[in-house]
Amino acid sequence: MAIDQATVRKIASLARIAISDAEAAAMEGELNGILGWVEQLGEVDVTGVEPMTAVIPNTLRLRDDIVDADPLTGGNRRDDVLANAPAPQHGFFGVPKVIE
Amino acid sequence: MTDFTNLTVAEIRDGHRAGDFSAVEVAEAFNANVAGAKALNAFIVETPEHAIAAAKQADADRSAGTLKPLSGVPIGMKDLFATNGVQTTAASHMLEGFVPRYESTVSQKLWDAGCGMLGKLNLDQFAMGSSNETSYFGNVISPWKRKDGGNAALAPGGSSGGSSSAIAARLCPAATGTDTGGSIRQPAAFTGISGIKPTYGRCSRWGIVAFASSLDQAGPMARDVRDCAIMLENMAGFDPKDATSLNMAVPNWEAALSNDLKGKKVGIPKEYRLEGIDPDIDTMWDAGIAMLKDAGAEVVEISLPHTKYALPAYYIIAPAEASSNLARYDGVRYGLRDLPEKAGLQDMYAATRADGFGPEVKRRIMIGTYVLSAGFYDAYYTQAQKVRTLIARDFEQAFASCDVILAPTAPSAAFGLGEKMADPLAMYLNDVFAVPASLAGLPAMSVPAALNREGLPLGLQIIGKAFDEQGVLNAGLAIEERAGFTARAEKWW
Amino acid sequence: MSDYRIKGETGEWEVVIGLEVHAQVTSNAKLFSGAATAFGAEPNTQVSLVDAAMPGMLPVPNRECIRQAVRTGMAIEAEINKWSRFDRKNYFYADLPQGYQISQLYHPLVGEGSLTIEADEKAGLPEAKRIGIERIHVEQDAGKLMHDQHPTMSYVDLNRSGVALMEIVSRPDMRSPAEAGAYVRKLRSILRYVGSCDGNMEEGSMRADVNVSVRKPGDEFGTRTETKNVNSVRFVMAVIEGEAKRQVALIESGGSVVQETRLYDPDRNETRSMRSKEDAHDYRYFPDPDLLPLELDDAFLAECRESLPELPDAKRARYLAAGISAYNADVLTAEVESALWFDTLLETGAKPAAAANWVSSELFGALNRLGKSFADCPVTPAHAGELLGLVADGTISGTIAKQVFEKMLESGDAAGVIVERDGLKQTSDTGAIEAEIAKILTANADKVEQYKGGKEALFGFFVGQTMKAMQGKANPQVVNELLKKALG
Ligand SMILES: [Mg+2]
Ligand SMILES: [Zn+2]
């Protein structure tokens with residue numbers, strides 16, 4: 001199914017990417033080209049076929065319930081967490097005021 | 001006096017161990033080449049001091065008798081790997097100036113093995129591209145030129161184009177790459193070097209900027225098969241921080257290298273014979289088949305019936321995962337923040353992401369968002385994952401009758417910069433031979449096999465069974481020895 | 001059947017309620033990282049690189065969180081899915097660092113189960129009722145936003161981000177605020193028995209998303225609204241009542257209910273539409289490619305089952321069988337602490353019915369008075385058992401027992417010690433009692449006359465006088481017998 005510019009804008013807003021009308025127009029063609037092409041997958045008979053879940057047979061490992069066992073995955077490193085923040089505020093991340 | 005930059009990883013390691021030269025000499029030689037190759041734009045950040053520091057350590061370790069596996073070997077690091085204290089950008093404006101306080105598992109393993117870092121290598125933005133033309137920090141130029149006298153700048157391939165260009169130009173003996181749908185193999189083929197994508201899960205993904213989680217796999221790029229084996233041994237290994245990491249011992253791939261393929265069966269997938277493909281590709285492929293026969297292998301024809309659908313399936317699955325993986329770039333905790341006048345939170349997101357992502361990244365996020373959106377999920381994503389199951393099944397069945405599969409790495413030699421940018425689909429088709437192995441998580445490598453009529457390198461791809469990197473490397477070695485590929489780009493930069 | 005109805009101009013309306021309870025799983029570390037979960041830490045100190053969604057970070061699940069969710073599922077007799085999977089729920093918000101919440105939509109860990117709310121006439125629950133529970137899935141909590149710290153900015157604290165939650169989704173089986181309140185209380189009780197959640201609603205360990213719709217009795221379900229993060233039983237009930245009335249008024253005035261997310265304002269006791277969630281309707285769920293399917297083996301499930309304690313319903317049944325009244329059984333089993341305290345008391349050999357009466361009246365009364373709980377109960381079950389024993393074997397009277405208990409609360413001494421020290425043993429020494437009776441009868445000759453003249457009611461007067469004279473320490477039976485004899 002082909003998508004129109006309204007759909008392009010809807011997707012862009014879902015993806016939180018601001019786009020100009022010109023970009024929307026350009027993308028309409030590109031996306032339709034790509035989507036039209038991938039739709040050939042519809043030809044494949046997949047009756048009784050399970051969607052892939054693990055590309056290499058492997059089971060999910062579970063971690064032990066230990067705090068800060070590994071500094072790379074543990075807490076207590078606020079400086080590192082905030083080091084690249086655009087608007088750090090007294091140990092918080094600052095963002096434009098949100099109305100809930 | 002030897003030009004250290006012509007030495008392989010093995011030669012540097014062994015020569016340094018034997019005391020033939022100091023690691024500092026080697027590091028200085030490569031630093032000089034890096035400094036002199038700005039025209040290639042292979043590096044986003046150069047870190048000569050890091051390389052020198054590691055070299056001094058290597059020389060000290062030699063005197064102390066505490067040498068490490070890769071002491072004295074300076075390498076390039078794709079700028080997709082987080083490096084502690086060194087800017088990590090994924091070649092995006094979004095992460096320009098981002099300096100991680102952590103080190104990726106793979107890069108940490110290499111530093112622990114004694115490697116030094118020459119710099120952070122350029123790539124396609126967020127590893128999305130096949131020509132390195134989507135980097136926010138400019139195109140990487142291949143050192144190769146067509147021998148038609150023309151001076152067209154050629155693509156080094158992508159997304160690991162900084163790595164391929166730098167190795168081919170002797171700016172580093174080896175580099176890390178990542179491969180989601182061919183991003184190690186295709187650039188290797190375009191620049192006449194070798195590269196291997198191991199079995200999915202061999203190398204930890206922890207600390208590598210994610211593109212498509214179920215496909216991303218790190219791997220080495222170098223000038224020959226032995227160097228790939230050496231590098232991979234020092235990159236691979238179980239990591240409890242990555243739930244998809246394989247809990248298996250790392251084999252001694254280098255020690256077990258063998259060019260003897262007696263008793264091995266090599267499968268030739270008939271579906272990879274594309275009509276209208278550059279005849280040079282088929283010629284090279286046939287030559288490769290002859291080489292493997294000569295190495296004692298038996299050649300059998302195999303069928304991978306769903307090959308045609310691999311690329312479309314990939315262009316649903318990879319963008320879908322990417323659209324979600326890249327949602328974290330929102331201007332709140334790190335990276336770029338665009339805050340227009342009176343903008344609210346959601347406006348900030350939209351402005352930041354519009355500014356921080358390049359066109360190709362936006363395109364893929366848009367596709368991924370669309371195929372996951374309400375009402376389309378099953379038709380696109382679920383269908384693609386079912387087709388992916390069938391593609392993996394194709395390989396399983398094929399491997400019942402062969403040990404490794406031989407095919408071209410890419411459908412063409414390197415193309416000129418800008419030649420394919422206008423048409424995304426034409427660009428995507430570059431990975432037609434590379435993507436199936438990625439979808440099936442199988443180990444695959446590219447080795448240089450020949451020059452085409454224009455004097456540009458062509459690569460042969462070997463695909464192996466899951467966990468059989470050894471079989472892939474051995475077949476690669478057999479080709480390498482017979483192809484005798486010694487051509488290199490003439491220095492113009 | 002609940003007869004709770006909203007009276008509208010067009011007649012009576014029935015309320016249909018479903019609850020999605022988010023319960024914080026009791027664990028040391030977060031669901032997918034090693035950061036701590038403790039409440040009230042400095043902002044962003046319990047945040048790992050993973051929780052902050054730094055580039056290249058990956059989730060690895062915490063076994064204990066899975067285990068607690070499975071045990072909870074077993075406690076509500078739900079089917080446990082040995083094969084489940086984590087999905088990503090994609091939306092953009094400042095408290096959601098990854099840009100998606102790792103949750104379970106397509107293959108939850110726990111399937112269909114249920115719990116039973118007991119009848120409670122006073123609370124408007126004529127009979128016990130089974131409430132269906134559709135599923136329990138495990139997911140990440142979000143961070144916290146503060147809006148009052150800065151004129152133009154909100155502040156983000158990610159300490160909660162990534163903490164494990166169980167989302168417990170009920171069937172739309174409830175029909176009144178009372179039923180919903182009872183459901184939340186019962187669920188909280190079960191979670192606390194199991195130990196999978198501390199049930200602390202003030203600290204946000206338990207929050208309910210309240211789904212409410214109205215319909216004319218017998219009609220199809222109406223359109224529902226979802227009021228998010230309601231954090232007390234009282235508020236849950238208030239939201240239902242208010243929302244039901246709002247919907248009835250809306251419909252009767254010709255409008256129609258829109259399916260939306262709403263927010264409760266306790267100060268004004270009203271709900272309002274939630275702007276921040278307006279366009280978050282297309283969540284683009286898909287399996288998290290960073291995680292493999294979660295497969296549980298029999299050994300793991302067996303350990304989960306074996307580690308389950310006796311649950312409220314089983315305990316209640318055991319108490320009823322032991323002759324404890326339904327009221328006392330409910331009171332004693334409501335909170336795990338009181339139930340465990342009472343079970344230890346029974347182990348001292350105390351008579352169940354008498355012990356239950358004493359605990360639910362005397363002990364509960366004392367604890368309320370002292371503002372204490374069973375956690376810091378000043379009397380040990382052993383001491384209480386001794387006290388009840390002294391009453392049972394006639395060593396002290398019920399009246400004296402009250403005095404002894406007061407002294408126990410003050411001193412913490414054992415009952416026997418106090419009785420000995422203060423000489424509170426009751427006497428059956430007939431000589432002493434007869435002596436007192438003799439005095440009383442002579443001192444009240446007139447009343448003796450009236451009694452003999454047929455004013456039998458005066459017998460109680462003589463008993464009282466005698467007990468008073470004996471400072472309450474006389475054995476009542478003995479006093480009765482001797483008085484009857486003396487009065488002929
Ligand atoms: Mg909800
Ligand atoms: Zn939830």
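Just so it is clear, the model here is predicted, and its values are computed rather than measured.

Cut-offs applied
- Residues numbered from 1 in each chain as written.
- Chains lettered and ligands numbered in written order.
- Predicted model: local features only at pLDDT ≥ 70, side-chain atom pairs only at ≥ 80, totals over all residues.
- Heavy atoms only, no water.
- Donors = N, O, S within 2.8 Å, 3.2 Å for Na, K, Ca; no water.
- Helix = DSSP H or I, 4+ residues; strand = E, 2+ residues; numbered from the N terminus.
- Buried < 20%, exposed > 50% of the residue type's maximum accessible area, 1.4 Å probe, protein only.
- Contact = heavy atoms within 4.5 Å.
- Buried area = accessible area lost by both parts, 1.4 Å probe.
- Salt bridge = Lys/Arg side-chain N within 4 Å of Asp/Glu carboxyl O.
- Polar contact = N/O pair within 3.5 Å; in protein donor to acceptor, adjacent residues only side chain to side chain.
- Nonpolar A, V, L, I, M, F, W, Y, C, P; charged D, E, K, R; others polar.
- Pairing = 2+ DSSP bridges.

Undergrad: Tell me about the coordination of the zinc ion (ligand 2), and please be specific about residues and values.
TA: Residues and elements named next belong to chain C. Bound to the zinc ion (ligand 2) on the protein side are His22 (NE2), Glu139 (OE) and Glu167 (OE), at distances that span 1.9 to 2.1 Å. One chain supplies every donor to the zinc ion (ligand 2), and in sequence these donors are spaced H-x116-E-x27-E. A spacing of 4.8 Å is found between the zinc ion (ligand 2) and the magnesium ion (ligand 1). Of the two residues, His22 is situated in strand S2 (residues 11-24) and Glu167 in strand S10 (residues 164-170); the sequence distance between them amounts to 145 residues. Of the two residues, His22 and Glu167, both sit in the buried class.

Undergrad: Provide a residue-level description of the interface of chain A and chain B, including the pertinent values.
TA: Across the boundary between the two partners, chain A contributes 54 residues, which contact 73 residues of chain B. Roughly 5,200 Å² of surface becomes buried between chain A and chain B when both sides are summed, with 71% attributable to carbon and sulfur atoms. Interface area lost by chain A to chain B is led by Trp37(A), Leu41(A) and Arg61(A), which between them contribute 13%. Remark: the boundary between chain A and chain B carries 4 salt bridges. With its nearest N and O atoms 2.7 Å apart, the salt bridge here joins Asp80(A) to Arg101(B). Here chain A is connected to chain B by 20 residue pairs in polar contact (both at pLDDT 80 or more). Those elements that place two or more of their residues in the side of chain A that touches chain B are helix H1 (5-14), helix H2 (21-38), helix H3 (78-82) and strand S2 (92-96) of chain A. Here the side of chain A that touches chain B gets 9 residues from one element, more than from any other, and that element is H2(A). Taken together, the residues of the side of chain A that touches chain B break down into 34 nonpolar, 8 polar and 12 charged.

Undergrad: Could you give me a rundown of the sheet that holds strand S5 (residues 100-103) of chain C, with the residues and numbers involved?
TA: Residue and element names in this part refer to chain C. Read from one edge of the open sheet, 3 strands run S5-S4-S15, paired in antiparallel fashion. Each edge of the open sheet carries a strand with a single partner, namely S5 and strand S15 (286-287). Relative to S5, strand S4 (residues 87-90) runs antiparallel, the two being bridged by 4 bridges. Bridge pairing in S5 links Lys89 to Gln101.

Undergrad: For the environment of Thr427(C), give the residues involved together with the corresponding values.
TA: Residues and elements named next belong to chain C. Its location among the elements puts Thr427 in the loop between helix H11 (415-421) and helix H12 (430-443). Spatially, the C-alpha atom of Thr427 lies 8.2 Å from that of Thr395, the residues being 32 residues apart in sequence. Setting aside anything within four residues of it in sequence, one finds Thr427 in contact with Ile433, Met470, Lys473, Ala474 and Asn475.

Undergrad: Give a description of unusual backbone geometry that names residues and reports values.
TA: Residues and elements named next belong to chain B. Cis rather than trans, the peptide bond between Gly158 and Ser159 has omega equal to 10°. Along the chain, the position of Ser159 falls in the loop between strand S3 (116-121) and helix H5 (161-168). Of note in this structure, Asn41 is not a glycine but carries a positive phi near 55°. Asn41 sits in the partly exposed class, given a relative accessible area of 22%.

Undergrad: Go over the sheet that holds strand S9 (residues 153-157) of chain C with me, naming the residues and quoting the values.
TA: Taken in spatial order, the 4 strands line up as S1(A)-S2(A)-S9(C)-S8(C) in an open sheet, and their pairing is antiparallel. Each edge of the open sheet carries a strand with a single partner, namely strand S1 (88-89) of chain A together with strand S8 (144-146) of chain C. With 4 bridges joining them, S2(A) and S9(C) adopt antiparallel strand pairing. Each bridged residue has a counterpart across the sheet, and for Gly94(A) the counterpart in S9(C) is Tyr155(C).

Undergrad: Summarise the coordination of the magnesium ion (ligand 1); cite the residues concerned and give the values.
TA: Residue and element names in this part refer to chain C. Distances from the magnesium ion (ligand 1) to its protein donors, Glu20 (OE), Asp209 (OD) and Glu226 (OE), fall within 2.0 to 2.6 Å. Counting the intervening residues between successive donors of the magnesium ion (ligand 1) yields the motif E-x188-D-x16-E. Its relative accessible area of 15% is what places Glu20 among the buried residues. Accessibility expressed as a relative area gives 1% for Asp209, which makes it buried.

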